[in-house]
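Each chain, letter by letter, is given below.
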Amino acid sequence: QVQLVESGGGLVQPGGSLTLSCAASGSIFDIYTMHWYRQAPGKQRELVATLTSLGSTNYADSLKGRFAIYRSNTKPTWYLQMNSLKPEDTAVYYCNADLQQTRNSARIQEWGQGTQVTVSS
């Protein structure tokens, strides 16, 4: 069984920064893509950032230049660095991974439980 656990959310003032972490644990053979999504109240969940195992990144157009996704080189953990935060960045942030548990198993999608980010003065 695989578990993704987010951390690092909280309350931050406009213009501030936060770094979210997503730690994967359990039986993992390989992680192919890592994502961050967010869902604001009353809105659909949206893709924030993607990182592939080859190091390619992609971001929602509205977030380019403010957010950065990267991973640890030593453990199955990836991060979302968020700068110049705005009140409209307030949402529950979820990590997601496309991974394989064993060499011969099918690729699956796993989700974390979410972490709340609130940007307010």
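What this report covers is the structure whose coordinates are included nearby. Quantities reported herein were computed from a predicted structural model and do not represent experimental measurements.

Here we look at the overall build of the chain
- Helix and strand counts for the chain stand at zero helices and eleven strands.
- Against the 2.2 N^0.38 benchmark of 14 Å for 121 residues, the chain shows a C-alpha radius of gyration of 14 Å, consistent with a compact globule.
- Considering only C-alpha atoms, the chain reaches an extent of 50 × 25 × 25 Å along its principal axes.
- Taking all 121 residues of the chain together, the buried fraction comes to 44%.
- Partitioning the intrachain contacts of the chain with sequence separation of at least 6 by distance along the chain shows that 54% fall at a separation of at least 24.
- Within the structure as shown, the chain displays about 6500 Å² of accessible surface, and the carbon and sulfur contribution to it stands at 46%.
- Of the side-chain charges in the chain, 10 are positive and 8 negative, and the distance between the mean point of each set is 3 Å.

A closer look at the state of the cysteines
- Following the criterion strictly, the structure yields one disulfide and no others.
- One disulfide in the model links Cys 22 with Cys 95; its S-S distance is 2.0 Å. Disulfide Cys 22 to Cys 95: torsion about the S-S bond roughly 60°, handedness right-handed. One end of the pair, Cys 22, is in strand 3 (residues 18-26); the other, Cys 95, is in strand 9 (residues 91-100), and 73 residues separate them in sequence. Across the pair, Cys 95 and Cys 22 agree in class, each one buried.

Considering the pattern of salt bridges
- Evaluation of the coordinates by the stated rule reveals five salt bridges.
- Here Arg 38 and Asp 89 are joined by a salt bridge, their closest N and O atoms 2.9 Å apart. Taken together, the residues span a long stretch of sequence, with Arg 38 in strand 4 (residues 30-39) and Asp 89 in the loop between strand 8 (77-82) and strand 9 at a distance of 51 residues.
- On the accessibility criterion, Arg 38 (7% relative accessible area) is buried.
- Classification of Asp 89 by relative accessible area gives buried; the value is 1%.
- Arg 107 is paired through a salt bridge with Asp 98; the nearest N and O atoms lie 2.5 Å apart.
- A network of salt bridges, in which partner residues are shared, links Arg 38, Glu 46, Arg 66 and Asp 89.

Focus on the sheet that holds strand 7 (residues 67-71)
- The strand order across the open sheet formed by four strands is 1-3-8-7, and the pairing between neighbours is antiparallel. Unpaired on one side and paired on the other, strand 1 (2-7) and strand 7 mark the two borders of the sheet. Strand-to-strand twist in this sheet, taken as the mean axis angle between neighbours without regard to direction, amounts to 15°.
- As paired elements, strand 3 and strand 8 share six bridges and run antiparallel to each other. Its bridge partner being in strand 8, Ser 21 is matched across the sheet by Tyr 79.

Parameters at a glance
- Residues numbered from 1 in each chain as written.
- Predicted model: local features only at pLDDT ≥ 70, side-chain atom pairs only at ≥ 80, totals over all residues.
- Heavy atoms only, no water.
- Helix = DSSP H or I, 4+ residues; strand = E, 2+ residues; numbered from the N terminus.
- Rg over C-alpha atoms; globule rule 2.2 N^0.38 Å.
- Buried < 20%, exposed > 50% of the residue type's maximum accessible area, 1.4 Å probe, protein only.
- Contact = heavy atoms within 4.5 Å.
- Areas by Shrake-Rupley, 256 points an atom, 1.4 Å probe, with all protein chains shown as cover.
- Lys, Arg positive; Asp, Glu negative; His and termini not counted.
- Charge placed at Lys NZ, Arg CZ, Asp CG, Glu CD.
- Disulfide = S-S within 2.5 Å.
- Salt bridge = Lys/Arg side-chain N within 4 Å of Asp/Glu carboxyl O.
- Pairing = 2+ DSSP bridges.
- Axes fitted to C-alpha atoms, helices over the stretch in contact; angles between N-to-C directions.

Limitation: the analysis is restricted to geometry and does not speak to function.
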